[in-house]
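Okay, here's what each chain looks like letter by letter:
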Amino acid sequence: MGGVQPKRHTKSKRNRRRSHLALKKTFLSVCTKCGRAVLPHRICEYCGFYDGREIVDVAARLTKKEKKKREREEAAAHEARAGHRHSGEATPELNPEELSKK
Ligand SMILES: [Zn+2]
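Reading the values: the criteria
Residues numbered from 1 in each chain as written. Predicted model: local features only at pLDDT ≥ 70, side-chain atom pairs only at ≥ 80, totals over all residues. Helix = DSSP H or I, 4+ residues; strand = E, 2+ residues; numbered from the N terminus. Contact = placed C-beta atoms within 7 Å. Buried ≥ 20, exposed ≤ 12 C-beta atoms within 10 Å, placed from the backbone.

**Student:** Just to check I follow, could you spell out the overall build of the protein for this structure?
**Tutor:** Helix and strand content of the protein: four helices and four strands. When contacts within the protein are restricted to residue pairs at least 6 apart in sequence, those whose partners lie at least 24 apart make up 24%.

Here it is as structure tokens:
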């Protein structure tokens, strides 16, 4: 048999317990090379750069399919920089200051 609850907890007791259950927003910084949101003190997952140096040769590790996807993304980003604004280019727009706010 399982344990039997000795006494009912009040709403106050329940709410005090749950006061620590809220989730915090993840702090993100911006990659100096590609401008994507990255976790601080970690290599950029996208371009493999950290501290202004290339640590991981990301391009060499990609599969054919992933390479094609990257090429398409880079072409789209290039166009966006040239002045044509397309929808769906949300990643470079991420502002770490805003994301870190509660
Ligand atoms: Zn990067």
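**Student:** Before we go on, may I ask you to explain the environment of Arg36 in this structure?
**Tutor:** Mapped onto the secondary structure, Arg36 falls in the loop between β1 (29-30) and β2 (37-38). With 15 C-beta atoms packed within 10 Å, Arg36 lands in the partly exposed category. For the pair Arg36 and Tyr46, spaced ten residues apart in sequence, the C-alpha separation works out to 8.0 Å.

**Student:** Any chance you could explain unusual backbone geometry here in plain terms?
**Tutor:** One non-glycine residue, His41, lies in positive phi territory at about 65°. Positionally, His41 belongs in the loop between β2 and β3 (49-50). Accessibility expressed as a C-beta count within 10 Å gives 8 for His41, which makes it exposed. Phi at Asp51 takes a positive value of approximately 55°, unusual for a residue other than glycine. Mapped onto the elements, Asp51 comes out in the loop between β3 and β4 (53-54).

**Student:** I would appreciate a short explanation of the environment of Lys33 in the present structure.
**Tutor:** Tracing the chain through its elements places Lys33 in the loop between β1 and β2. Looking at Lys33, the number of C-beta atoms within 10 Å reads 16, which means it is partly exposed. Considered as a pair, Lys33 and Gly52 are 19 residues apart in the sequence and their alpha carbons are 7.5 Å apart. The residues contacting Lys33, other than those within four sequence positions of it, are Cys44, Cys47 and Phe49.

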